[in-house]
Amino acid sequence: IFNGENNNQNGENKLFSNENKLVYTKKIDSSRALVAVAKYIFQNRPYNFTDENDVFSYLINNSDVKKVNQKVESKINFAGAKLSYVKKYKNDKSFQIQLGNEWKKDFLDTDIFLLDAQNQVINFNKNEYVNNIDFSQNNIFNEIKYNKKNEKGWSYDLSLYSQFIVSYFNGTNKSGVYFSPNFSINYQNRKIGKFSFSGSRKFSSITINYLNINYIYQGNRSLEKSDIGVKIMPSYNVGLSYNVGNTLDEYLKFDLNFYRDEDYISNNMIVNPNYTINQSILVRNNKNINLSLELKKYLKFIKSKISLSNDYILSNYENSINNQDLISTKFAKFKTGVEMKSGWRSFANYELGYEWSFNRIKSTVNQNNYLDEKGYFNLYFVFSSKFRLDTQYEYYKFGNTTQKNTQFLDAKINYTFNKLKMNLFLQGNNLLNNNSIQKYSINNISESVYTQKLMPLNIVLGVNKNF
């Protein structure tokens, strides 16, 4: 439904996939081995999509357009081989070297047809809405890994990944050599826990999803295109982690990670009352910080384990709207939650949890914040080795306080016939009979409320049989 009017959509998606893998291992002696891996994948995914709306009547200035039909042909060929040599030493050292080659070829063809109310094809100049993409990439790579441990609790992991990448895109070639170093320094002590400091640099190649120089219709009055071309995008990250204890009794875990993309894919959003166009653009210097803290404790007096989790994400990025100057944005999310799980030896057990997610976005043009909440309460009853009952309750509330909350209740009764290797179950879904769920989101361009229709209360009777 768009602006109170029905928007009927119909899609036909098919997939043929064939994957083959061959692994050969040769143990030279007690400390050395050779491993060879070869892999081939073929996928063919045609897609035919029809959308009954007049969005193209505004794009081509023809009021007769009432339907959009788009056909997509997508094929993938992948072939790769890798040879690894592994050597282990007596004093807790290991060395590994890999040599390999990966080749991938992508085809993407899109065609579009516009229809009137009588399903008659409307002729128009569709050069800007047709894509014919032939993209292939060959990656010759080499990786050297070294690991060392000592008796004092220190361990070191070092690696260097080298690539020679040749890309072919619609008649043009591009090649380059790239080096990606990685390291990890760890210290572990039974009393004080484990510390780890790591860092890496990598190079990511653009995928075919960002090579459509002409428009592709995405449905829901939205189109996208990209003028980026073939790019290799560098990035790096640094991380620090600490954990102590064990998850069955007492446990603490702390993680801090910093990511920086020297080049990253953003968008220039063309906003119109009747449609939107998402144009991919290349922007520099995207920074992210992730921070997490997790605490677990087993409470003997109620024989249950309680977990407290906290996560913080800070992201800086840039995008634009209607071809204007880039908008600088900071997005922050703080998520905190509590969970409890019983370890009773009786016929019943439970799980429950609740989570709050505080979201804040601030840009050079606006700022806003919202709160997401979700909770659950599950009960499990094991009456015998053959008969059990599981119930699951979920609660969701997205966005600000004016948004609708949604509750779900499911139940499943299961009976097992051991001699017949079969189980019979009766499952009730959406027992509270909710007809929709509402979700709220904000970015630096828009504020949106999505309503997703749901399947009403339904009962399923089923049989699982093992042979």
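Residues numbered from 1 in each chain as written. Predicted model: local features only at pLDDT ≥ 70, side-chain atom pairs only at ≥ 80, totals over all residues. Heavy atoms only, no water.

Draft legend 1. Up close: the side chain of Thr110. Relative to the assigned elements, Thr110 resides in strand β6 (residues 93-115). Residue classification places Thr110 among the buried residues on the basis of a relative accessible area of 3%. Residues contacting Thr110, with those up to four places away along its chain left out, are Lys71, Val72, Tyr129, Val130, Asn131 and Ile216. (Helix = DSSP H or I, 4+ residues; strand = E, 2+ residues; numbered from the N terminus. Buried < 20%, exposed > 50% of the residue type's maximum accessible area, 1.4 Å probe, protein only. Contact = heavy atoms within 4.5 Å.)

Draft legend 2. Molecular detail of the environment of Asn267. The topology assignment puts Asn267 in strand β15 (residues 250-272). Here the alpha-carbon distance between Asn267 and Val283, two residues 16 residues apart in the chain, equals 8.8 Å. The residues contacting Asn267, other than those within four sequence positions of it, are Asn278, Gln279, Ser280, Ile281, Asn319, Ser320 and Ile445.

Draft legend 3. Up close: the pairing of strand β2 (residues 16-27). Examined bridge by bridge, β2 and strand β3 (residues 32-44) share 12 bridges and lie antiparallel to one another. Counterpart to Asn18 in the pairing with β3 is Phe42. Between β2 and β3, which pair antiparallel one after the other, the connecting turn spans 4 residues. (Pairing = 2+ DSSP bridges.)

Draft legend 4. How the structure looks around empty space enclosed by the protein. Under the defined criterion, the tally for this structure stands at 1 cavity of 30 Å³ or more. Volume-wise, the largest cavity comes out at about 50 Å³. Every residue along the wall of the largest cavity is listed here: Ile165, Ser167, Lys174, Ser175, Gly176, Tyr178, Val230 and Ile232. Going through the elements one at a time, β9 (154-169) and β10 (172-189) are the ones with two or more residues in the lining of the largest cavity. It is β10 that provides the largest number of residues to the lining of the largest cavity, a total of 4 residues. (1 Å grid on protein atoms, 1.4 Å probe; cavity = no way out; pocket = protein on both sides within 12 Å on 5 of 7 lines; lining within 4 Å. Points joined across faces, edges and corners; volume = space filled by probe spheres on them.)

Draft legend 5. The arrangement of the pairing of strand β23 (residues 422-429) in detail. Note that strand β22 (residues 405-417) and β23 share 7 bridges and pair antiparallel. Residue pairing in the sheet places Phe417 in a bridge with Met422 of β23. Connecting β22 to the next strand, β23, in antiparallel fashion are 4 residues, including Lys421 with a positive phi near 50 degrees. Relative to strand β26 (residues 458-465), β23 is paired through 8 bridges, and the arrangement is antiparallel. Residue pairing for β26: Gly428 is matched across the bridge by Ile459.

Draft legend 6. Here's a closer look at the pattern of salt bridges. Using the criterion set out here, one finds 15 salt bridges in the structure. Measuring nitrogen to oxygen at the nearest pair gives 3.0 Å for the salt bridge that ties Lys126 to Asp111. With a gap of 15 residues between them, Lys126 in the loop between β7 (121-122) and β8 (131-149) and Asp111 in strand β6 connect regions that are remote in the sequence. Among the salt bridges present, the one from Arg284 reaches Asp263, with a minimum N-O distance of 3.0 Å. Residue Arg284 is located in strand β16 (residues 275-299), and its partner Asp263 is located in strand β15; the two are separated by 21 residues in the primary sequence. (Salt bridge = Lys/Arg side-chain N within 4 Å of Asp/Glu carboxyl O.)

Draft legend 7. Representation of unusual backbone geometry within the structure. The backbone of Asn220 sits at a positive phi, close to 55 degrees, despite the residue not being glycine. Summarising the element assignment, Asn220 is placed in the loop between β12 (216-219) and β13 (222-226). Assessed through its relative accessible area of 56%, Asn220 is described here as exposed.

Draft legend 8. Focus on the nonpolar core. Core analysis: the largest hydrophobic core is formed by 15 residues, its most contacted members being Phe56, Val68, Tyr217 and Leu223. At the level of secondary structure, the elements contributing two or more residues to this core comprise α1 (55-59), β6 and β16. When neighbours within four sequence positions are excluded, Val68 is seen to be in contact with Phe49, Thr50, Asp51, Asn53, Val55, Phe56, Ile112, Phe113, Leu114 and Tyr217. Within the second largest apolar cluster, 11 residues are counted, among which are Phe135, Ile206, Leu211 and Ile216. (Core = buried A, V, L, I, M, F, W, Y, C linked by side-chain atoms within 4.5 Å.)

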